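Chain residues, written in single-letter form:
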Amino acid sequence: MGSVLRPSITSYRDLFVTYLKPQWLRVMLMAVLLLTSIGLQLVNPQILRYFIDTVTSGGNLNPLLLAGAIFVAISLVNQAISVWATYVSENVAWTATNQLRTDLVAHCLGLDMAFHKARTAGELIERIDGDVDTLSNFFSQSVIHLLGNGILIVGIIVLLFSIDWRVGLAMGSFALLTLVGLTHLRGYALGFWTADRQKDAEFFGFLGEQLAGTEDVRANGASSYVMQRFYLFIRQWLPLRRKADLSGYSMWMTMLLVFAIGNVLGLALGAYLWSTRSITLGTVYLIFYYINLLNDPIDNIRVQLQQLQQAGAGIERVKELFQFQPTINDGNGQMLPQGALAVAFCDVSFGYNHDDTILHHLSFDLQPGKVLGVLGRTGSGKTTLARLILRLYDVQEGEVCIGGRSVQALKLADLRQHIGMVTQDVQLFHASVRDNLTLFNRAISDSHILEALDDLGLSPWYRSLPEGLDTELGSDGEGLSAGEAQLLAFTRVFLTNPGLVILDEASSRLDPATEQLIERAVSKLLAGRTGIVIAHRLATIQRADDIMVLENGRIIEHGERAALATDPASRFYHLLQTGLEEVRA
């Protein structure tokens, strides 16, 4: 289990160097503070030995008072250095992990829609936040403290050798065997922590999905089913967490036993050497102190290795996320012209899965400034057609062209800047009306926003806002009607001044009064632009120049709207007679 999931030294090193190199000055300061603290920890016991030997030999009081004052001063300085080192290390950790989160978010935003469709929002949040959080100690303490504690152990062993070679040899062997055992236990536990982190992400993905659908779950009486799945997740997660925790406890219990053995060994050696008059009483205390001090870095290494177990699981999952690469990449840099854009599909076939084709050999041309109405039953491929134009997916066969250029030859940012899309499900954010209209683009001025609202006939709606553009919207547009959300979406598109506008059933849920306002906005939005209107309602489709009817991913009818509307043999003519209701089936 561990062999497959165990991260290599290279994984640790690459992540460490990438996110700590920009902070090398703070890392160096952290290392200096740590080394200074180690030196002070090694010096203070020497003062205690001097104090004890002076007392037992009947020395003067003044040197004892001076030794006590120096001991207290060094202890206070050491505590101050520890606080300073903690402050620096936490700043290093937050800076590194925040940059890693930023890089992960940017990476995920650049991945294909297929990646996001296969994963829940909760799972990605846990990957980006939860897994990265486990790396906090890795960046701030683990590596520096592992090195520092290793140096402290070496320093203690050297000093013990200077006291007596037998003590140094015994405690050196003891420390070496202990560290080898800890390393073995760490490798054993890593696989359990990785499995625990995976189940953790799955659980939060499930939880986020269910909480987002609370209204539908309760309305349809599915609460019992959700709770059943919740308990099932917990039952599957519990044994994984138990194994991971037990692996950590095994290291802790091993350390208790090892420390007990070390203390017995140290006391026995000290008592023997004192009985043979090889050392003084102060030196016996010094040996005992150093042995207890030796326990601290070994225990710290045990803690750091345990944190590295969790960090190793996080590193592997972060690395796995970075290994996902987009299949939809920027083109060679061709730019689209300003103004209305032509659209052409040339023998296009596409399926979300290679063995399940959605669109079959679609070919059509839409001239600049014209409006195409697209009709079809649910699942006929209407929305898929829009996604291919935006290049959210790439075609398997054929070619999609915008403005006379293949979409695969265009820069993605330029392509999507020239296309505006409005759907019936408008994504709104917990932010001001201004930020929702501009999508947080501060370059768009308030005067431009107000001008756009006025052009779309939305000034009365704007004046009804309690705080104007500063009015805060609730989460996911809470407090707005469907019509008001659509108004925001239309204004958002209008501000980008696209050459192609796609309306994907954008008015299918509106009441008649709001629809009149929307229809005015649509007319203004489509003026001088190419439009593709995917609709169920007659009012929206009446402005189309051409009509295209899809069925099972194939074009079964395509022509001028006026001609088709008067042709009793056409499918569109039949749909007009039935009020387009057949399209909904």
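Keep in mind that this is a model prediction, so the values were computed, not measured.

Visitor: Go over the overall build of the protein with me, naming the residues and quoting the values.
Guide: Counting secondary structure elements, the protein contains 22 helices and ten strands. Buried residues in the protein amount to 47% of all 585 residues. If you sum the accessible surface of the protein, you get close to 28,600 Å²; carbon and sulfur atoms cover 59% of it.

Visitor: Describe the environment of Ile-419, and please don't skip the residues or the numbers.
Guide: Mapped onto the fold, Ile-419 is located in strand 6 (residues 419-423). Overall, Ile-419 belongs to the buried group, its relative accessible area being 6%. Put simply, Ile-419 and Pro-498 are 79 residues apart on the chain and 5.1 Å apart in space, counted from C-alpha to C-alpha. Contacts of Ile-419, omitting those with residues within four sequence positions, involve Ile-389, Leu-390, Pro-498, Leu-500 and Ile-502.

Visitor: Let's hear about the pattern of salt bridges: which residues, and what values?
Guide: Counted according to the given criterion, the structure contains five salt bridges. Close ionic contact of Asp-470 with Arg-434 constitutes a salt bridge, the shortest N to O distance being 2.7 Å. Here Arg-434 lies in helix 14 (residues 433-438) and Asp-470 lies in the loop between helix 16 (459-463) and helix 17 (482-496), a separation of 36 residues in the sequence. With a relative accessible area of 16%, Arg-434 lands in the buried category. Across the pair Arg-571 and Glu-551 runs a salt bridge, and its minimum N-O distance is 3.2 Å. In this pair, Arg-571 sits in helix 21 (residues 571-577) while Glu-551 sits in strand 9 (residues 546-551), placing the two residues 20 residues apart along the sequence. What makes Arg-571 partly exposed here is its relative accessible area of 22%. Owing to a relative accessible area of 28%, Glu-551 belongs among the partly exposed residues under this scheme. One network of salt bridges, with partners in common, ties together Arg-434, Asp-446 and Asp-470.

Visitor: Help me get a handle on the pairing of strand 3 (residues 371-376), residues and values and all.
Guide: For strand 3, a buried count of six out of six residues is recorded, marking the element as mostly surrounded by other parts of the structure. Residue alternation in strand 3 divides its side chains into two sets, Val-371, Gly-373 and Leu-375 and Leu-372, Val-374 and Gly-376, and both sets are buried. Relative to strand 9, strand 3 runs parallel, the two sharing five bridges. Pairing of Gly-376 across the sheet is with Leu-550, part of strand 9.

Visitor: Would you mind going over the pairing of strand 8 (residues 530-534) in detail, with residue names and values included?
Guide: Counting buried positions along strand 8 yields five of five residues, so the element is predominantly enclosed. On strand 8, burial covers both faces: Thr-530, Ile-532 and Ile-534 on one face and Gly-531 and Val-533 on the other are all buried. Strand direction decides the pairing type here: strand 7 (residues 500-504) and strand 8, joined by five bridges, are parallel. Within the sheet, the bridge partner assigned to Asp-504 lies in strand 8 and is Ile-534.

Visitor: Mind laying out the packing of aromatic side chains, listing which residues take part and the relevant values?
Guide: This model, assessed by the stated rule, comprises five aromatic pairs. Considering the side-chain rings of Phe-345 and Phe-364, the 4.8 Å spacing of their centres and the 15 degrees angle between planes classify their relative orientation as stacked. Of this pair, Phe-345 sits in strand 1 (residues 343-350) while Phe-364 is found in strand 2 (residues 359-366), placing the two residues 19 residues apart along the sequence. The buried category is assigned to Phe-345, whose relative accessible area is 2%. Centroid distance Tyr-352 to Tyr-393: 5.0 Å. Interplanar angle 80 degrees. Geometry classified as edge-to-face.

Visitor: Lay out the nonpolar core in plain terms, naming residues and giving numbers.
Guide: In this structure, Val-433, Leu-503 and Ile-547 are the most contacted members of the largest nonpolar core, which totals 41 residues. Only strand 3, helix 14, helix 15 (446-455), helix 17, strand 7, helix 18 (512-526), strand 9 and helix 21 provide two or more residues apiece to this core. Among the elements that take part in this core, helix 17 stands out by supplying eight residues, more than any other. Residue contacts for Ile-547: discarding those within four places in its chain leaves Leu-372, Gly-373, Leu-375, Ile-541, Glu-557, His-558, Gly-559, Arg-561, Leu-564 and Phe-572. Counting 32 residues, the second largest nonpolar core, distinct from the first, contains Leu-359, Val-374, Leu-385 and Leu-410.

Visitor: How would you explain the sheet that holds strand 7 if you had to name every residue and give the values?
Guide: With mixed pairing, the six strands of this open sheet are ordered in space as 6-7-8-3-9-10. Each edge of the sheet is formed by a strand with only one pairing partner; in this case those strands are strand 6 and strand 10 (554-560). Across the sheet, the mean angle from the axis of one strand to that of its neighbour is 15 degrees, orientation sign disregarded. Here six bridges tie strand 9 to strand 10, and the two strands are oriented antiparallel to one another. Looking at strand 10, one finds that Ile-547 is bridged to Gly-559.

Visitor: Could you give an account of the packing of helix 3 (residues 24-56) against helix 4 (residues 61-109), naming the residues involved and the relevant values?
Guide: At a minimum axis separation of 9 Å, helix 3 and helix 4 run at an interaxial angle of 160 degrees. Judged by the angle between their axes, helix 3 and helix 4 are roughly antiparallel. The element helix 3 and its partner helix 4 pack so that their crossing is left-handed. Residue composition of the contact of helix 3 with helix 4, grouped by class: 23 nonpolar, eleven polar and one charged.

Visitor: Describe helix 17, with residues and values.
Guide: Its 15 residues place the ends of helix 17 22 Å apart at the C-alpha level, agreeing with the 21 Å of an ideal helix rising 1.5 Å per residue. Helix 17 sits mainly inside the fold: twelve of its 15 residues count as buried. Every buried residue of helix 17 is listed here: Gly-483, Ala-485, Gln-486, Leu-487, Leu-488, Ala-489, Phe-490, Thr-491, Arg-492, Val-493, Phe-494 and Leu-495. Positive backbone phi, at 50 degrees, marks Asn-497, one or two positions downstream of helix 17.

The rules behind these values
Residues numbered from 1 in each chain as written. Predicted model: local features only at pLDDT ≥ 70, side-chain atom pairs only at ≥ 80, totals over all residues. Heavy atoms only, no water. Helix = DSSP H or I, 4+ residues; strand = E, 2+ residues; numbered from the N terminus. Buried < 20%, exposed > 50% of the residue type's maximum accessible area, 1.4 Å probe, protein only. Areas by Shrake-Rupley, 256 points an atom, 1.4 Å probe, with all protein chains shown as cover. Contact = heavy atoms within 4.5 Å. Salt bridge = Lys/Arg side-chain N within 4 Å of Asp/Glu carboxyl O. Pairing = 2+ DSSP bridges. Phe/Tyr/Trp six-rings, centres within 6.5 Å; stacked < 30°, edge-to-face > 60°. Core = buried A, V, L, I, M, F, W, Y, C linked by side-chain atoms within 4.5 Å. Axes fitted to C-alpha atoms, helices over the stretch in contact; angles between N-to-C directions. Parallel < 35°, antiparallel > 145°, perpendicular 65-115°, else oblique. Left-handed = near helix turned anticlockwise from the far one by under 90°. Nonpolar A, V, L, I, M, F, W, Y, C, P; charged D, E, K, R; others polar. Expected span 1.5 Å × (residues − 1).

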